[in-house]
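As a plain string of letters, each chain reads:
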Amino acid sequence: MLDQNSNARPWLLLLPVLLFLAVLAAAALAVIRMSVGSNGDEWHSVSLTSYADLATPYYMKSLWLTLRLAFQSTVLAVLLAIPVAIAMARAKSKLARRLLLTGVLLPLLVNLLLQSYGWLIILGPGGVLNNSLLALGIVQRPVQWLYRENGVLLGLIQTAFPLAALPMASALKAISGSYEEAAATMGASRWQILRHVLLPLAMPGILSGALLVFAYNASAFAVPLLLGGRRVSMLAVLVRDQITPLLNWPAASATSVVLMLATLAVMALSQKLVHRSQKMLGNTP
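Residues numbered from 1 in each chain as written. Predicted model: local features only at pLDDT ≥ 70, side-chain atom pairs only at ≥ 80, totals over all residues. Heavy atoms only, no water.

**Student:** Which residues make up the overall build of the protein, and what values do they have?
**Tutor:** Looking only at helices and strands, the protein has 13 helices and zero strands in total. The N-to-C order of helical and strand elements in the protein reads α-α-α-α-α-α-α-α-α-α-α-α-α. Within the span of the protein, comprising 285 residues, buried residues form 37% of the whole. Of all intrachain contacts in the protein linking residues separated by at least 6 positions in sequence, the fraction that spans at least 24 positions is 70%. As presented, the protein carries roughly 17400 Å² of accessible surface, and 70% of it is formed by carbon and sulfur atoms. Positive and negative side-chain charges of the protein, numbering 20 and 8 respectively, have mean locations separated by a distance of 13 Å. (Helix = DSSP H or I, 4+ residues; strand = E, 2+ residues; numbered from the N terminus. Buried < 20%, exposed > 50% of the residue type's maximum accessible area, 1.4 Å probe, protein only. Contact = heavy atoms within 4.5 Å. Areas by Shrake-Rupley, 256 points an atom, 1.4 Å probe, with all protein chains shown as cover. Lys, Arg positive; Asp, Glu negative; His and termini not counted. Charge placed at Lys NZ, Arg CZ, Asp CG, Glu CD.)

Printed below as a string of structure tokens:
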């Protein structure tokens, strides 16, 4: 009797997670079903018109823009997160670690809309950034950051930065300092230690953070809508446009399915390339 209870406890602990995953799976199946329906009769008809409409140059350009901005923000966020993650992992003082952790977590604690409105104040023609550039004499007139890809890119990097820094810091913290000491003893410079010791050992954490940032930014909605407006039409914004004024659920569902499949394909390809490069490095003498 006791053995049966002990075997059942792990499943009871997993039950909330399984229920949550079941709800997500049901929602995904509902979106897929609506994507092959016709407008006004989503649950009983079968039509591929919504997918055929996505083959137009406008939607293909939006898909390419979404993947490109997600990739660019991922690369920049990971590069910016590397020194922060190293500082978090190697900080000796508890106060310093707590301050760094608080600074990294701050974007997650502030509402995304508030962050986007903050970027509107910073990037506006009379905002903080333009006033600073004008005061320093770097530019002669205000730079147009808003409703441009550069402004959206800055917002994507800032909002997703914790997703890159936290997994990387966790992976670096698990690496023993003896590896760095051994490399330094052999005459390696700091750059060589970072490139040949720390980064390869922390690659699982770097890859996890990069995939999280890419998936998060590929489906971003608030940042491109507020900072890009209609001039930076990422796919999530197009999904909103199909639902809010038009109530075209099949078109919105088909766009969502294409975005999900494209994101999963890029993530799977990146994982395969990283694993292949790690095998090649491991086979080299």
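Once the structure has been displayed, the description carries forward.
**Student:** Explain the nonpolar core to me, and be specific about the residues and the numbers.
**Tutor:** In this structure, Leu69, Val152, Met168 and Leu172 are the most contacted members of the largest nonpolar core, which totals 43 residues. For this core, the secondary structure elements donating two or more residues are α3 (57-90), α5 (112-123), α7 (149-173), α9 (190-201), α10 (203-218) and α11 (222-228). For this core, the element with the highest residue contribution is α7, accounting for twelve residues. Not counting chain neighbours up to four residues away, the residues in contact with Leu69 comprise Glu149, Val152, Leu153, Leu156, Val232 and Met234. One finds Leu211, Leu235, Ala262 and Met267 within the second-largest nonpolar core, a separate group that totals 15 residues. (Core = buried A, V, L, I, M, F, W, Y, C linked by side-chain atoms within 4.5 Å.)

**Student:** Describe in detail unusual backbone geometry, supporting the description with residues and values.
**Tutor:** Of note in this structure, Tyr147 is not a glycine but carries a positive phi near 60 degrees. If you trace the backbone, Tyr147 turns up in the loop between α6 (128-136) and α7.

**Student:** Please provide a residue-by-residue account of the layout of surface pockets, values included.
**Tutor:** Considering only enclosed or pocket space, the second largest pocket measures out at about 180 Å³ in volume. If you trace the second largest pocket, you find it lined by Ala27, Ala28, Val31, Ser256, Val257 and Met260. For the lining of the second largest pocket, the elements supplying multiple residues, two or more each, are α1 (2-35) and α13 (249-283). (1 Å grid on protein atoms, 1.4 Å probe; cavity = no way out; pocket = protein on both sides within 12 Å on 5 of 7 lines; lining within 4 Å. Points joined across faces, edges and corners; volume = space filled by probe spheres on them.)

**Student:** Could you give an account of the pattern of salt bridges, with specific residues and numbers?
**Tutor:** Going through the model one piece at a time under the given rule, you end up with two salt bridges. For the salt bridge of Asp241 with Arg240, the shortest nitrogen-to-oxygen distance reads 3.3 Å. (Salt bridge = Lys/Arg side-chain N within 4 Å of Asp/Glu carboxyl O.)

**Student:** Tell me what's going on with a nonpolar patch on the surface, and back it up with residues and numbers.
**Tutor:** Where nonpolar side chains cluster on the molecular surface, the patch consists of Trp11, Leu14, Val17, Leu18, Phe20, Leu21 and Leu24 and spans about 720 Å² of accessible area. Here Leu14 shows up in helix α1. Judged by relative accessible area, which is 43%, Leu14 ranks as partly exposed. (Patch = residues over 30% accessible without salt bridge, like charges linked within 9 Å, V, L, I, M, F, W, Y side chains within 5 Å.)

**Student:** Give me the lowdown on α9, citing residues and values where you can.
**Tutor:** The terminal C-alpha atoms of α9 lie 15 Å apart, and with twelve residues this matches the ideal 16 Å at 1.5 Å per residue to within 8%. Three or more residues of α9 are buried, namely Ile193, Leu194, Val197 and Leu198. Take α9 and look down its axis: the buried residues cluster within an arc of 125 degrees, on one side only. Of the exposed residues in α9, those oriented more than 90 degrees away from the buried face are Trp191 and His196. Elements in contact with the buried residues of α9: α3, α7 and α8 (177-185). (Expected span 1.5 Å × (residues − 1). Arc of directions from axis to C-beta.)

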